Amino acid sequence: MDKIKINQLPAPTWRHLKMNFAEIEAREYSHFVVPSMDVPNVAKAAVVKNAFDMAAGWGEMLSETIRDSCLQLAIGGSIKEPLRLDYGFEAGKNAASRVEIVAAPYSETTVIAFYETDGASKGSAAVQTVVKAGEGAKVHLVQAVKVGSGFQFINDVAIREDDRARVEVTQLYLGGHAVYGGIRSDLAGYKSDFQNQIGYLLGQDETLDINVVSSHSGRKSNCDIIVKGVLSDNAQKVFRGTIDFLNGASGATGAENEDVLLMSEKVVNKTIPLILCAEEDVEGSHGASIGRIDENSVFYMMARGMSLEQIYQLMANAKILSVMNYIDDQAAKDRILQMLGGEDYGD
Amino acid sequence: MKEKTWVQDINTGFYDFRFEEDESLMFESGITPRIINEIADEKGDIDWMRAFRLKSLEIYNKTPMVDWGPSIEGLDMSRIVTYIRPKTRMRTNWEDVPDEVKDTFERLGIPQAERESLAGVGAQYDSELVYHNVRKEVAEQGVVYTDLESAMHDPRYEYIIKSHFMKLVPPTDHKFAALHGAVWSGGSFVYVPKGVHVDIPLQSYFRLNAKGAGQFEHTLIIVDEGAYLHFIEGCSAPKYYEASLHAGCVELYVRKNATLRYSTIENWSKNMYNLNTKRAIVEEGGKIEWVSGSFGSHVSYLYPMSILHGEGARSEFTGITFAGEGQDLDTGTKVVHAAPNTSSYVNTRSISKSGGVNTFRSSVQINENAHGSKSSVSCESLMLDSISRSDTIPAMDIRTNQADVGHEAKIGRISDDVVFYLMSRGMSEEDARALIVRGFADNVSKELPLEYAVEMNNLIGIEMKGSVG
């Protein structure tokens, strides 16, 4: 079967590192899926024909294989209750879905989406969420993913922000045989703001491939990308994070940080945080901390009677819970806790 | 009238003098088996080396061009002269060197540096070493410092050369490593015996005078157990409108508990494509220290690599890059942790101005067996205007949980707040900005050999004029 490249780095590096892109089998994602929804009356939901006309985090090749149909959510005012989307995928099918959130100027909403399959289910899905945030609009998109051991899940979020818009994306990747996550945020508006928190928990032979691109063309635009994760068993993860300051984005700022806890000798962790800069008047930074828990912390907790195993479990839980804290909705938090194994998680 | 504060480009005019080349000494341009055989004939290659060159040419022809870095479309390999016959055989007495060549190196200050602060000097002019000398007291310690060709033809060293030459950087590594294997010429061989501490540095200086030519010197250094060496490499060329090529290769073997400090100041002219490959393998308890200043070249691909092969091996990389008008400098480093308890430390600074492009590119790989290893990478970039560009592309590949890896990068401009703070303490804005730029480079420049640090300050030519407009 032919392959296609997704999650490509905006500026490639040495080929032998195998970080420039992810490669997946080319499939026809023809099984259009509409999630079950819980949408407050003040928002309008409708399936419409609407071609994708933005840049995607997963890249052009996959965008071309998804049909033009999409579920459009039109947000007109300030909506206190979250819009809830729940996806189920039929076994053996190549499912596709596109949701377009159109946030009118100065509107405010939270959209919470769950992507779950049975533990043993097989198949694949490519889902895309488009966020078009008008002037001063605020959108918080929450996504939680846990798919089966034979399931390939490809997730993309494409964002365009006007002046003073603020889009926050909180993602939790809690398991899956082969999971790919792309985000592309175009901060075109003056003082537009992109906040991104990603938490992941991988074990067994699970793989996760993430590509986040924050493209700044708006003056005084800002992004903060925080990634926290835990790898155990034979898990493998690639994180590509790019802050791209385009010429004209004067006063723009951007920061990205990844914190990875490695809990097995057989894990593979690849991280490549890029800053691309064509503007003088910007401030960009990235940092990464990868490995084990620092000795001082271990010593402190052992002195209080904890075993090394307990310490590692506590720190792993803390990483995921700290990302969950960006979610205000208690029902969503409770469900994520269930996905993690129940109410005892984090105790 | 107010004048805008500005930072001058690196002034490479000092290096921009030339002598007419004798075209009868230049080989035909291009890379063909016939030209490779002619180079082998000219140099009296041993059979294995001739076969190695021809095999490398095959690999070169099969290997694709790089597709991930700065454009090298302006480099037409069919127009590059890969070998220029020397005007003289190699000399060990400076007075025997032909006047024109001697004048070149005297203008560059090499003989003076040899007298004042070096244990030995090698000087390469175009394709061949023209002068090599090492102080008597250093030679008496058993230190070997000679040109690579002489060593290869010397029965005492032939086996060492054969067993080390292009073993760290095989011709299959990339297209220009293969090219180097086919057409290499000149360069130095250094051997420091067990336990010998060479107190003052050795230096090789590479000068490419000819127009439209390439320089392909090979440097092979072995620092044996418990020994110490500081090796300095300098390079320059006059500016031509035609593209020139530097595709040298450096292979460094740092044995158990040995230390090698390798300092490079690169001032190639702005028509130069600098596609150089440098690699070190470090055994148990050994240490490699790279100090790298990149100021010249039109395009650079330069990433000194450290393979930490023995337990407790260490590497340090300190680099500064200044990209001005017409320059696209892609520099950085690679580290492979291939043994337990190894450590690496990377600290770089880059400055971009007048449309110059800087890319910091790195990779840190920690293998499954590298338990207890640590790595720290720090890179900072300063943008001095909005027509320039500065990118950072650091990669980390970690394959054990028993490791600690830290990375941080910053990019930005001169902070208005810091300027304001300094001005509130009585400094003029010009002085404040100059101080900030000097301070930005200071962490790295202080690692350079003193004479080069002074030269770097002159080169950067930080000139603040008038008041800020």
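Analysis parameters
Residues numbered from 1 in each chain as written. Chains lettered and ligands numbered in written order. Predicted model: local features only at pLDDT ≥ 70, side-chain atom pairs only at ≥ 80, totals over all residues. Helix = DSSP H or I, 4+ residues; strand = E, 2+ residues; numbered from the N terminus. Rg over C-alpha atoms; globule rule 2.2 N^0.38 Å. Buried ≥ 20, exposed ≤ 12 C-beta atoms within 10 Å, placed from the backbone. Contact = placed C-beta atoms within 7 Å. pLDDT = per-residue confidence, 0-100. Pairing = 2+ DSSP bridges. Nonpolar A, V, L, I, M, F, W, Y, C, P; charged D, E, K, R; others polar. Expected span 1.5 Å × (residues − 1). Bend = angle between axes of the 7 residues up to and from the residue. Core = buried A, V, L, I, M, F, W, Y, C linked by C-beta atoms within 7 Å. Domains from an automatic or database assignment. Axes fitted to C-alpha atoms, helices over the stretch in contact; angles between N-to-C directions. Parallel < 35°, antiparallel > 145°, perpendicular 65-115°, else oblique. Left-handed = near helix turned anticlockwise from the far one by under 90°. Arc of directions from axis to C-beta.

K.L.:
Quick question: what am I supposed to make of the overall build of chain A here?
P.N.:
The number of helices and strands found in chain A is four helices and 21 strands. A compact globule built from 347 residues would reach a C-alpha radius of gyration of about 20 Å, and chain A, at 20 Å, matches this within 12%. In terms of principal-axis extent, the alpha carbons of chain A reach across some 55 × 50 × 45 Å. Within chain A, the fraction of its 347 residues that count as buried is 50%. Put simply, 83% of the contacts in chain A that link residues at least 6 apart link residues at least 24 apart.

K.L.:
When you look at the confidence of the model for chain A in this model, what are you seeing that I'm missing?
P.N.:
In low-pLDDT regions, the fine details of the predicted coordinates are not to be read closely. Put simply, chain A has an average pLDDT of 91, and 97% of its residues get 70 or more. When pLDDT is averaged over each element of chain A, strand β13 (residues 166-173) of chain A comes out on top at 98 and helix α1 (residues 60-63) of chain A at the bottom at 74.

K.L.:
So what exactly am I meant to see when it comes to the pairing of strand β7 (residues 83-87) of chain A here?
P.N.:
All names here are of chain A. For β7, a buried count of four out of five residues is recorded, marking the element as mostly surrounded by other parts of the structure. With three bridges joining them, strand β4 (residues 36-38) and β7 adopt antiparallel strand pairing. Looking at β7, one finds that D38 is bridged to R84.

K.L.:
Could you clarify how one ought to interpret the interface of chain A and chain B in this entry?
P.N.:
Interfaces are often sized by the amount of accessible area the parts lose when they come together. With 38 residues of chain A in contact, the opposing surface of chain B contributes 33 residues. The set of elements that each furnish at least two residues to the side of chain A that touches chain B consists of β20 (268-277) and β21 (282-291) of chain A. Here the side of chain A that touches chain B is composed, by residue class, of 19 nonpolar, eleven polar and eight charged. Pairing between β20 of chain A and strand β22 (residues 389-398) of chain B: six bridges, direction antiparallel. By the bridge assignment for β22 of chain B, K270 of chain A is matched with D397 of chain B.

K.L.:
Honestly, helix α10 (residues 429-445) of chain B in this entry has me stumped. Any pointers?
P.N.:
Residues and elements named next belong to chain B. Compared with an ideal rise of 1.5 Å per residue, which puts 17 residues at 24 Å, α10 spans 23 Å between its outermost C-alpha atoms and is within 8% of the ideal. Where α10 bends most, the angle comes to about 25°, and this point is G439. Within α10 the residues assigned to the buried category are A432, R433, A441, V444 and S445.

K.L.:
Whenever I open this one, the nonpolar core confuses me. Can you help?
P.N.:
The tendency in soluble globular proteins is for nonpolar side chains to be buried side by side. In this structure, I101 of chain A together with V254 and L260 of chain B are the most contacted members of the largest nonpolar core, which totals 217 residues. Taken domain by domain, this core gets at least three of its residues from each of domain 1 (13-302) and domain 2 (415-469) of chain B. Apart from the residues lying within four places of it in its own chain, the contact partners of L260 of chain B are I221, V223, L229, F231, L252, V254 and I288 of chain B.

K.L.:
In this structure, what is going on with the packing of helix α2 (residues 47-62) of chain B against helix α8 (residues 175-183) of chain B? I would like to understand it.
P.N.:
Packed helices, taken two at a time, are described by their axes: the angle between them and the distance between them. Residues and elements named next belong to chain B. For the pair α2 and α8, the least separation of the axes is 7 Å and the interaxial angle reads 155°. As the angle between them shows, α2 and α8 are arranged roughly antiparallel. Considering the relative orientation of α2 and α8, their crossing is left-handed. Contacts between α2 and α8 pair F52, R53, S56, L57, I59 and Y60 from the former with K175, A178, L179, G181 and A182 from the latter. Class assignment of the residues belonging to the contact of α2 with α8 gives a composition of seven nonpolar, two polar and two charged.

K.L.:
Hey, could you run me through the environment of P171 of chain B in this one?
P.N.:
Residues and elements named next belong to chain B. By the secondary structure assignment, P171 is in the loop between α7 (158-164) and α8. For P171, a count of 24 C-beta atoms within 10 Å translates into the label buried. Here the alpha-carbon distance between P171 and T63, two residues 108 residues apart in the chain, equals 9.9 Å. What P171 contacts, discounting residues up to four positions off in sequence, is S56, I59, M166, A177, A178 and G181.

K.L.:
Looking at this structure, how should I read the confidence of the model for chain B?
P.N.:
Residue and element names in this part refer to chain B. For chain B, mean pLDDT is 84; residues scoring 70 or higher make up 81% of the total. In the predicted structure, residues 1-7 sits below a pLDDT of 50 and forms 17 contacts with residues beyond four places in sequence or in another chain. Low pLDDT, under 50, characterises residues 462-469; the predicted model gives this stretch 22 contacts beyond four residues in sequence or across chains. For this predicted complex, the interface score ipTM comes out at 0.91, while the overall pTM is 0.89.

K.L.:
What's the story with unusual backbone geometry in this structure? I'm lost.
P.N.:
The residue K18 of chain A is not glycine, and still its phi comes out positive at about 55°. Tracing the backbone shows K18 of chain A in the loop between β1 (3-6) and β2 (22-25). The class for K18 of chain A is partly exposed, based on 13 C-beta atoms found within 10 Å. A positive phi angle, near 55°, is found at M166 of chain B, a position not held by glycine.

K.L.:
Explain helix α4 (residues 330-340) of chain A here, please?
P.N.:
Given 3.6 residues to a turn, an α-helix orients residues that are three or four positions apart in the same direction. All names here are of chain A. Buried residues of α4: A332, I336 and L340, and no others. Buried residues of α4 fall within an arc of 80° about the axis and therefore sit on the same side. What points out from α4, more than 90 degrees from its buried face, is the exposed set Q330, A331, D334 and Q338. Residues of α4 that are buried in the fold lie against β9 (108-116), β11 (138-146), β13 and α3 (308-324).

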